[in-house]
Amino acid sequence: MTKRPNEKNERLKRRFLEYRKYARQLSDKTLDRELAALERFDVWNARKDIGRFHIEWAMGFRSHLEQAKGASGKPLGKSTTRAILATLREFTLWLSQQDGFRSRIRAADADYFNLSRRDEAEARAAPTRPAPSIKQAKHALATMPLTTPRQLRDKAVFALLCLTGVRAGALITLRVKHVNLDEKSVTQNPREVATKFGKSIDTFFAQGFPEAEAALAVWMAYLDDDALYGPDDPLFPATAIAPQSNTGFSAEGFARRSWKSTEPVRKIVNEAFAAANLDAFGPHAFRHMLARHAAKTCVSVAELVATSQNLGHTDVLTTLRSYGQISRERQRALITGESEDDVLED
């Protein structure tokens, strides 16, 4: 049976998280993960006074994580284990600098929360992220119906993702005024749009998607002419739910507000690909699609930099490392000099 929380430990955890939030400027989402890691260690250690830290605790906890299983019943992934241990390492470093703990805890003690070199390399290895091809995205877009206003909206959501790869969190906070069809741009103003790290991002439509531009234009014309939306209204309003006497509730028109979460966007994208008999890719897959297409077709460094900026990346290496992975077939074709078609036929 888990012991009751140790008041001393809880105070230390709270002070550490305040430091991480205000001094290190971490997001609430990251802080939640760090709190979960600290709690995992605290429970495993039977709520013992953290101030009496021993390096044996670190070694024992690391061994415990190697045998631990996640919610799915499978062993924890190396990247998950690394993230948990990284939090404990940062906590120990911080604790070693606090009054009353300097004589008992050394900065070097934090090193005992490191993974082995082999496990560290495995944890850092970027997994191949599934993403549609340009042709698959176009095919899925073409199969989406355009009969009802909701279908117009859903197709416009899919279209904007094809054109820009905008993050789902930013997409649901966009307003009508942020999209300029003439300039083919989306202005992600962090004061109004939920961009990652509060960045200001100017995004322009990718080439080769006239169908997507048309679908987006149809939706924006509907908002302007039929729904009478203004510049500050949400670009993608949430579906309104109206009570029904016989059936309970039903979707009826739009609420003049944004979605509260990205789940509707994920559902729209999943269902569009599934209806086209393709894998049910998620919204983030469009970022990988555009980055990989750029890595394959760009003929200058400037084009790669422009693509990186369009995705909101500070460093072009982020685009290439995290999004621009080359497939095994393309790698073989580039190294051997064979055409990619020949490689695929083999």
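Anything mentioned here points back to the structure above.
Bear in mind that the values here come from a model prediction, so they are computed numbers and not experimental data.

Caption draft 1: Geometry of the pairing of strand β3 (residues 201-204). Going residue by residue along β3, you find Ile-201 and Thr-203 tucked away on one face and Asp-202 and Phe-204 left uncovered on the opposite face. One ladder, built from four bridges, connects strand β2 (residues 185-188) with β3; its direction is antiparallel. Residue pairing in the sheet places Thr-187 in a bridge with Asp-202 of β3.

Caption draft 2: Region of interest: the packing of helix α6 (residues 134-143) against helix α7 (residues 149-164). Their axes nearest at 10 Å, the elements α6 and α7 cross at an angle of 165°. Considering the angle they form, α6 stands roughly antiparallel to α7. Judged by the sense of rotation from one axis to the other, the crossing of α6 with α7 is left-handed. Facing Ala-137, Ala-140, Leu-141 and Ala-142 of α6, the residues of α7 in contact are Lys-155, Phe-158, Ala-159 and Cys-162.

Caption draft 3: View of empty space enclosed by the protein. For the structure on display, the rule yields two cavities of 30 Å³ or more. The computed volume of the largest cavity comes to approximately 70 Å³. Residues of the lining of the largest cavity, tallied by class, amount to five nonpolar, six polar and three charged. For the second largest cavity, the calculated volume is near 50 Å³. Taken together, Phe-41, Ile-50, Phe-53, Leu-88, Phe-91, Thr-92, Leu-95 and Phe-113 make up the full set of residues lining the second largest cavity. The greatest single-element share of the lining of the second largest cavity, amounting to four residues, is contributed by helix α4 (residues 78-95).

About the criteria used
- Each chain has its residues counted from 1, following the order in which its sequence is written.
- Reporting of local features is limited, given that this is a predicted model, to residues whose pLDDT is at least 70; pairs of side-chain atoms are given and counted only at 80 or more, and all residues count toward the totals for whole chains, interfaces and linings.
- Just so you know, side-chain values use all the structure's heavy atoms and leave hydrogens and water out.
- Partly exposed describes any residue whose relative accessible area lies between the buried limit of under 20% and the exposed limit of over 50%, with all areas from a 1.4 Å probe on protein chains only and scaled to the type maximum.
- Secondary structure is summarised from DSSP: a helix means a run of H or I of at least four residues, a strand means a run of E of at least two, and numbering begins at the N terminus for each.
- A strand pair is defined by DSSP finding two or more bridges across the two strands.
- Think of each axis as a best-fit line through the C-alpha atoms, taken over the contacting stretch in the case of a helix, with angles from 0 to 180 degrees between the N-to-C directions.
- Note on angle classes: values under 35 degrees are labelled roughly parallel, values over 145 roughly antiparallel, values of 65 to 115 roughly perpendicular, and the remainder oblique.
- Crossings are sorted by hand: turned counterclockwise from the far helix by less than a right angle, the near helix makes the crossing left-handed, and turned clockwise it makes it right-handed.
- In what follows, residue pairs with any heavy atoms lying within 4.5 Å of each other are defined as contacts.
- Both cavities and pockets are sets of points on a 1 Å grid over the protein atoms alone; in a cavity a 1.4 Å probe fits but cannot get out, in a pocket the set is open with protein on both sides within 12 Å along at least five of seven lines, and lining residues sit with an atom within 4 Å of a point.
- Grid points are joined across faces, edges and corners, and a volume is the space filled by probe spheres set on the points.
- Amino acids are sorted into nonpolar (Ala, Val, Leu, Ile, Met, Phe, Trp, Tyr, Cys and Pro), charged (Asp, Glu, Lys and Arg) and polar (every other residue, Gly among them).

Without other data, these values stay purely geometric and don't point to any function.
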